[in-house]
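Read off the chains here:
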Amino acid sequence: MVSYSAMKGRTSLIGVFALAFVVVAAYAAPRHPNVLLILSDDQGVGDVAGYGATDLETPALDRLALEGARFERFYAAAPVCSPSRASVLTGRWPRRAGVPANVSSQRGRAGMPGDELTLAEVFRSAGYRTAHLGKWHLGYTPDTMPNAQGFDVSVGHMGGCIDNWSHFFYWEGPNRHDLHRDGAEILRDGRFFPDLIVDEAEALLRSWRDHPWFLYVAFNLPHYPYQPDERWLRRYAQLPYPRNLYAAVVSTMDERIGRLLNRLDELGLARSTIVVFQSDNGHSREERAHFGGGSAGQHRGAKFSLFEGGIRVPAIVRWPGRVPAGRVIAAPAHAVDWLPTLAELAGVPLPARRLDGVSLAAVLCGEQPPPTRVLHFEHGEQWAVIEGEWKLIANPHDTGEVPPVRLEGLWLFNLGSDPAERQNLAARQPELVARLRRAHDLWAADLGRGHAAAPQ
C-alpha cells in the first residue's frame, strides 16, 4: 500500500513537471513576428548603392538587401506621396482607397476615408501593438489622422513636408507648425526630425519587446528641404550640385535606418522581425528640390510621371530564417501587395473586404515563382498599364526633364529591350495596344470611373 505522504509527494512532483511543461511550452510557442515597415520619401530607384548607385553610400539599405530579398521591378502605386501611401497601408488601388491624388496639408482637411482598413488595424485586431512615426499626409482631421486609422501611438507631421528643425510646414505658410503626438500638437524646437522619430522608435522597441508589434516609420527624407548632417555634406563636397546635397540627405536617412537595425540586433529582435523598405515614389525635380539631385538610374521620368522613373522604386524585405538572404526578384511587384503579403507571413487574418494586392509570401520565401498579372496606374491625365515587359502609357509627362515635357497620345514600350522608354512601338503593335487599352478601361470602370477617355 502506498502511503498518503508518498502519494502527496508524487502528486506534487507531477504538478511541478506539469508547471514546467506549461512554462517551456509558452516560451517555445511561436509568436507572431514583429513588422517594421520603413518608407522613404522621394527616393529614386537609382539612389541606393545596392541598386547601382556608385556615388553615394547606403550601408544600412545594402545590408538589408544582402540579408533579405530585393525587388528589381517594384512599383509604387502612384508617382506622388498620398495615393502611394494609401495603397501601402490598405492593399487597394489609390482611387479605391479614396486617395486618387495628394491630400491637402492644411489642418481640418480630410484625407483617406475613415472606413478604410489599414495594416495597423489588421495587425491590431490580431493583438499587435501599433505605431506610426514620421510623415502621414493622409488627412488632417481627427477621423483621418493615424490614431483613427489603427495606430495606438502616432508621432509625426500630418502634412506633406516640414522643416526638420522648426517642424513648420515647409511651404504655403505662414506660421503652420506641424508636429503631433496622438493628434495633439507638441513642440520640440531644435530637434532634428529624423532623430526624433528614431528616438521614439527605439523607446517603443524597448518597451514592446515582449509583445508583437507593427511599427510604421515614414521618413520625410530625402524629400525637400535638403537638410542633411554636416559630415555627409563634407563627404560629398566633390559631387556636382545638387547631387551633393541630395546624396548627403540619402546617407543621413540611411544612417538612421542603420540605428533601427542595430537596435533590433541589440534587443534580440532581428530574427523575429520582418523588415520592409520602400520609397513612396521617384525623386523630385521641383524647384524646392533644387531641380533635382536624385536619380532614376537608366529610367526615364521622375516624381509626377508614369514613366518608370516616377513609379519604379527600391523595395527590400528581410526576415532571417524565412526569406533567403541575397534573393533578387525580377518579376513586377506592387505596393498594394504589402498588406496581403505581410498578413500571410505573420499568420494574421485578412480583413473581409476587397483587396487589389496579392500575397508574395511564397515568392519571398522562394517557394513559388511570381504570379502573372496586370498592373494599373493613374495620375491626372496620365494612365498606364503594365503586363510583363509591355507597358502602355497615355499622355505621359517626362518630369525627368526641366522643364517637364508633356507628351500626348498612346505610347507602348517593351521594358525588357527598352528600359529607358524611348522607342514608341504603338504603331507597330496595334492589337497589343487595343488589348491593354481595354484592360485599362475595364479597370477604370471597376473603380467607378466609367470608361476612360483614352486618346486616339
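Cut-offs and rules
Residues take numbers from 1 onward in each chain, read along the sequence in its written order. Owing to the predicted nature of the model, reporting of local features is limited to residues with pLDDT of at least 70; listing and counting of side-chain atom pairs is limited to 80 or more, with chain, interface and lining totals taken over all residues. Water and hydrogen atoms were dropped before computing side-chain values, which therefore reflect all heavy atoms in the structure. Here an angle of 0 to 180 degrees is reported between the N-to-C directions of two axes, which are lines fitted to C-alpha atoms, with helices fitted over the stretch in contact. Labels follow the DSSP assignment, with helices taken as runs of H or I lasting at least four residues and strands as runs of E lasting at least two, numbered in each case from the N terminus. Roughly parallel refers to an angle under 35 degrees, roughly antiparallel to one over 145, roughly perpendicular to one between 65 and 115, and oblique to any angle outside these ranges. Should any heavy atoms of two residues lie within 4.5 Å, those residues are considered in contact. The classification used treats Ala, Val, Leu, Ile, Met, Phe, Trp, Tyr, Cys and Pro as nonpolar, Asp, Glu, Lys and Arg as charged, and all other residues, Gly among them, as polar. One bridge is not enough; two strands pair if DSSP finds at least two bridges between them. Note on terminology: a nonpolar core comprises buried Ala, Val, Leu, Ile, Met, Phe, Trp, Tyr and Cys residues joined through side-chain atoms within 4.5 Å. Per-residue accessibility, obtained with a 1.4 Å probe over protein chains only, is compared with the maximum for each type, and a residue is labelled buried under 20%, exposed over 50%, and partly exposed between these values.

Peer 1: Would you take a moment to explain the packing of helix 2 (residues 59-67) against helix 7 (residues 243-266) for this structure?
Peer 2: Helix packing geometry: the angle between the two helix axes and the distance between the axes. Relative to each other, helix 2 and helix 7 sit at 50°, their axes nearing to 7 Å. Classified by the interaxial angle, the pair formed by helix 2 and helix 7 is oblique. Here Pro59, Ala60, Leu61, Arg63 and Leu64 of helix 2 come into contact with helix 7, specifically with Asp254, Ile257, Gly258, Leu261, Asn262 and Asp265. When grouped by side-chain class, the residues that make up the contact of helix 2 with helix 7 number 6 nonpolar, 2 polar and 3 charged.

Peer 1: I'm lost on the sheet that holds strand 12 (residues 374-379) in this one. Help?
Peer 2: Where strands meet in a sheet, backbone hydrogen bonds hold them as pairs that are either parallel or antiparallel. On the basis of which strands lie adjacent, the open sheet formed by 4 strands has the order 12-13-14-17 and antiparallel pairing. The sheet terminates laterally at strand 12 and strand 17 (410-414), the two strands that pair on one side only. The mean angle between the axes of side-by-side strands here comes to 15°, regardless of whether they run parallel or antiparallel. With 6 bridges joining them, strand 12 and strand 13 (residues 382-387) adopt antiparallel strand pairing. From the neighbouring strand, Glu378 faces strand 13, where its bridge partner is Trp383.

Peer 1: Got a minute to help me understand the nonpolar core in this structure?
Peer 2: Looking at soluble globular proteins, one finds that nonpolar side chains tend to be buried together. Core analysis: the largest hydrophobic core is formed by 56 residues, its most contacted members being Leu36, Ile38, Trp213, Leu215, Phe219, Ile257 and Leu264. Ranked by the residues each element gives to this core, the list is headed by helix 7, at 11 residues. Apart from residues lying up to four places away in sequence, Phe219 is in contact with Ile38, Leu39, Ser40, Asp41, Arg85, Pro194, Ile197, Val198, Met253, Arg256, Ile257 and Leu260. Core analysis: the second largest hydrophobic core is formed by 49 residues, Leu89, Tyr140, Val317 and Trp319 among them.

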